[in-house]
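Commentary on secondary and tertiary structure
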Amino acid sequence: MQDNAKCFIRLKKGIYEEITYKELKEKRKKYSTYKKKKFIKIDDVLLEVLKKDYEIMEYEEQRQKYLDRVAKKMNLVSYDNETQDGTEYKNVILNSTDNIEVSFERKNEIEKLRLVLLQLNEEEYKLIKALFFENKTLREYAEKIGISHVAIYLRKQQILKKIEKTFKKLKFLLNKPLIFSQEK
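Predicted model, so just to flag it, every value in this text is computed and none were measured. (Residues numbered from 1 in each chain as written. Predicted model: local features only at pLDDT ≥ 70, side-chain atom pairs only at ≥ 80, totals over all residues. Heavy atoms only, no water.)

Brief notes about the sheet that holds strand S1 (residues 6–12)
Convention followed: Two strands are said to pair when DSSP picks up at least two bridges between them. The helix count covers DSSP runs of H or I at least four residues long, the strand count covers runs of E at least two residues long, and both are numbered beginning at the N terminus. Whenever a helix is involved, its axis is fitted only over the stretch in contact; in every case the axis is a line through C-alpha atoms, and angles between N-to-C directions fall within 0 to 180 degrees.
Taken together, 4 strands build an open sheet; the order of strands is S2-S1-S4-S3 and the sheet is mixed. Sheet topology places strand S2 (15–20) and strand S3 (38–42) at the edges, where each strand pairs with a single neighbour. Strand-to-strand twist of the sheet, defined as the mean angle between neighbouring strand axes without regard to direction, takes the value 30°. As paired strands, S3 and strand S4 (residues 45–49) are joined by 5 bridges and run antiparallel to one another. The residue of S4 that forms the bridge with Ile42 is Val45.

Shown next as structure tokens:
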């Protein structure tokens, strides 16, 4: 960061003092309170934030990095106009027969998932919906219903095992050939 870059020091709620980055470095050397201050970078400006806000932003940044790694590992493609490096996707055309097959397979998987989710009780469904469809964290959901996040984690693991067993059973039943009797 350049020495003449702007830094905003929080004096109290909604009131900031503007100093340069060079001044901030000097104050950090002189005063221990300045060493503890947390800043976020917005463009070429540093803005002091409360520790709890800094921790939330840090957590969200780490979560996004994790989601990006998972997406890369699973070869997921974003259909937004831009990639992460700012370049636009161009000429992304799928073969129409592939598109139909993929679409059919996706609808088939969604239907299987719907059938499996119907096997869950109301509490189990609410937990899965919150964590996987509403993107809530374990802590957020635990706080919402008033129990520990460890308990939510254990419930989630049990429910996922139940879903896996139900999926296997469903797959077995759907792959089993139909037998028609010829009774008169």
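Description of helix H5 (residues 122–133)
Here is the rule: Working rule for helices: expected span equals 1.5 Å times residues minus one. The buried label goes to any residue with under 20% of its type's maximum accessible area, the exposed label to any with over 50%, and the partly exposed label to all in between, with areas taken from a 1.4 Å probe on protein chains only. An arc is given here, and it is the one of the directions from the helix axis to the C-beta atoms. Between N or O atoms, a polar contact is any pair within 3.5 Å; within protein, one atom must be a potential hydrogen donor and the other a potential acceptor, and residues adjacent in sequence are included only when both atoms are from side chains.
Spanning 12 residues, H5 covers 15 Å between terminal C-alpha atoms, matching the ideal 16 Å at 1.5 Å per step. Listed as buried for H5 are Glu124, Leu127, Ile128, Ala130 and Leu131. On an axial view of H5, the arc spanned by its buried residues comes to 165°, and they lie on one face. Within H5, the exposed residues directed more than 90 degrees away from the buried face are Glu122 and Phe133. The N-terminus of H5 is capped by Asn121, whose side-chain oxygen sits 3.1 Å from the backbone nitrogen of Glu123. In the segment just after H5, Asn135 is the residue with positive phi, at about 55°.

Details of the pairing of S2
The pairing of S1 with S2 spans 6 bridges and is antiparallel. Following the sheet pairing, Phe8 is matched in S2 by Glu18.

Here's the deal with the packing of aromatic side chains
To keep things clear, this is the line we draw: Each Phe, Tyr or Trp ring (for Trp, its six-membered ring) is paired with any other whose centre lies within 6.5 Å, and the angle between the two planes then decides the class: stacked below 30 degrees, edge-to-face above 60, tilted in between. Consider the ring centre and the ring normal. A charge sits over the ring if Lys NZ or Arg CZ is within 6 Å of that centre and within 35 degrees of that normal.
Inspection of every chain in the model, using the stated rule, returns 1 aromatic pair. Arranged with centres 6.0 Å apart and planes meeting at 45°, the rings of Tyr31 and Tyr34 form a pair that is tilted. In this structure Tyr34 comes out as buried when scored by relative accessible area, which is 13%. The aromatic ring of Tyr34 is capped on one face by Lys37, whose charged end is 5.0 Å from the ring centroid.

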